[in-house]
Amino acid sequence: MQAEAAVATLVDPQTLMIGALILLGAPGAGKGTQSKFVSTRYGIPQISTGDLLRENVRKGTQIGIQAKSIMEKGQLVPDEMVEDMLARRIETGGDTDRGFILDGFPRTLAQAKWLDEYLKKWSVRHGQAWAAPVVISITVGYNQLLRRLTGRRSCPTCGRIYNIYFQPPRIADLCDNDGSKLITRRDDCEEVISERLKAYERQTLPLTEYYRAKGSLHEVNGDQATDEVTAAVMGILENGDRL
Ligand SMILES: [Zn+2]
């Protein structure tokens, strides 16, 4: 423990070059928690392509207007548009010099390949850390995910989320804040969750295989406690064993 603390003080996380970080993880794997931690500790932004798209639509940018009309027809926004938007965000945000976390991108092999080409161009300006993305996959066993997700209960009054296995309310089924009876949202039912997990698996497998073959995939055991997952993520980003 002492050795770890000593190492930690040698590195100022707010000056560290992180590069492009892709966090992969099924729903319930704790990706959001780790992403927030990384963003705060290293002072780099989380860039969500979903948020970007909504923001462009709201602001009525040229891309936003095009995207809106495509979505209104019920079609998927084409890759090139998402990629343009992403590139613009990275280049003009003013907060990406040391890196950024990608959320919701890449989803497909084609997007992953685009990203590789894009980062190669950036590595000329920003150094080796940008030549390839760092990919961290948080893996959690299927049954554990199911427990995490189906254990969710929410309060209809204040919106607080509980988990009957991991963060139960003080009195079973009742909200600690206001005593309302907790509910299971439709999204948290086993059938819906099992479908989501399978869809995630189908969508992500080609990506993990792609990154594994390139040697940029780091797998972290997400069955561990959150702190341990965080420590593993820090180890990958700070100990220089990532390339
Ligand atoms: Zn409540």
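Residues numbered from 1 in each chain as written. Predicted model: local features only at pLDDT ≥ 70, side-chain atom pairs only at ≥ 80, totals over all residues.

S.K.: Report on the sheet that holds strand β3 (residues 99–103), specifying residues and quantitative values.
M.R.: As summarised here, the arrangement of the five strands in space is β2-β3-β1-β4-β7, forming an open sheet in which the pairing is parallel. Taken across any chain shown, the strands that pair with only one partner, and hence form the sheet edges, are β2 (46–48) and β7 (217–221). The average angle at which neighbouring strand axes cross in this sheet is 25 degrees, direction not considered. Summarising the sheet, strand β1 (residues 19–25) and β3 pair through four bridges and their orientation is parallel. Its bridge partner lying in β3, Leu21 is registered against Ile101. Of the strands in this sheet, β4 (134–139) and β7 are in contact with helix α9 (residues 226–238), which crosses β7 at around 160 degrees. (Pairing = 2+ DSSP bridges. Helix = DSSP H or I, 4+ residues; strand = E, 2+ residues; numbered from the N terminus. Axes fitted to C-alpha atoms, helices over the stretch in contact; angles between N-to-C directions. Contact = placed C-beta atoms within 7 Å.)

S.K.: Talk me through the packing of helix α4 (residues 62–72) against helix α5 (residues 79–92); I want residue IDs and the actual numbers.
M.R.: The N-to-C vectors of α4 and α5 enclose an angle of 150 degrees; their axes lie 11 Å apart at closest approach. What the angle tells us is that α4 and α5 run roughly antiparallel. Between α4 and α5 lies a crossing of left-handed hand. Across from Ile63, Gln66 and Ala67 in α4, the residues of α5 making contact are Met81, Asp84 and Met85. (Parallel < 35°, antiparallel > 145°, perpendicular 65-115°, else oblique. Left-handed = near helix turned anticlockwise from the far one by under 90°.)

S.K.: Describe in detail the confidence of the model for the protein chain, supporting the description with residues and values.
M.R.: Overall, the predicted model of the protein chain reaches an average pLDDT of 90, with 93% of residues at or above 70. When the elements of the protein chain are averaged for pLDDT, helix α1 (residues 2–10) gives the smallest value, 51, and β4 the largest, 96. (pLDDT = per-residue confidence, 0-100.)

S.K.: Explain the environment of Ala199 to me, using residue names and the numbers behind them.
M.R.: Looking at where Ala199 falls in the secondary structure, it is placed in helix α8 (residues 190–214). Sequence separation between Ala199 and Ala26 is 173 residues, and the spatial gap between their C-alpha atoms is 9.6 Å.

S.K.: For helix α3 (residues 49–59), give the residues involved together with the corresponding values.
M.R.: Listed in full, the buried residues belonging to α3 are Thr49, Leu52, Leu53 and Asn56. On an axial view of α3, the arc spanned by its buried residues comes to 100 degrees, and they lie on one face. The outward face of α3, more than 90 degrees from its buried face, is lined by the exposed residues Gly50 and Arg58. Buried residues along α3 sit against β2, α4 and α5. With its phi angle positive at about 65 degrees, Gly60 sits one or two positions after the end of α3. (Buried ≥ 20, exposed ≤ 12 C-beta atoms within 10 Å, placed from the backbone. Arc of directions from axis to C-beta.)

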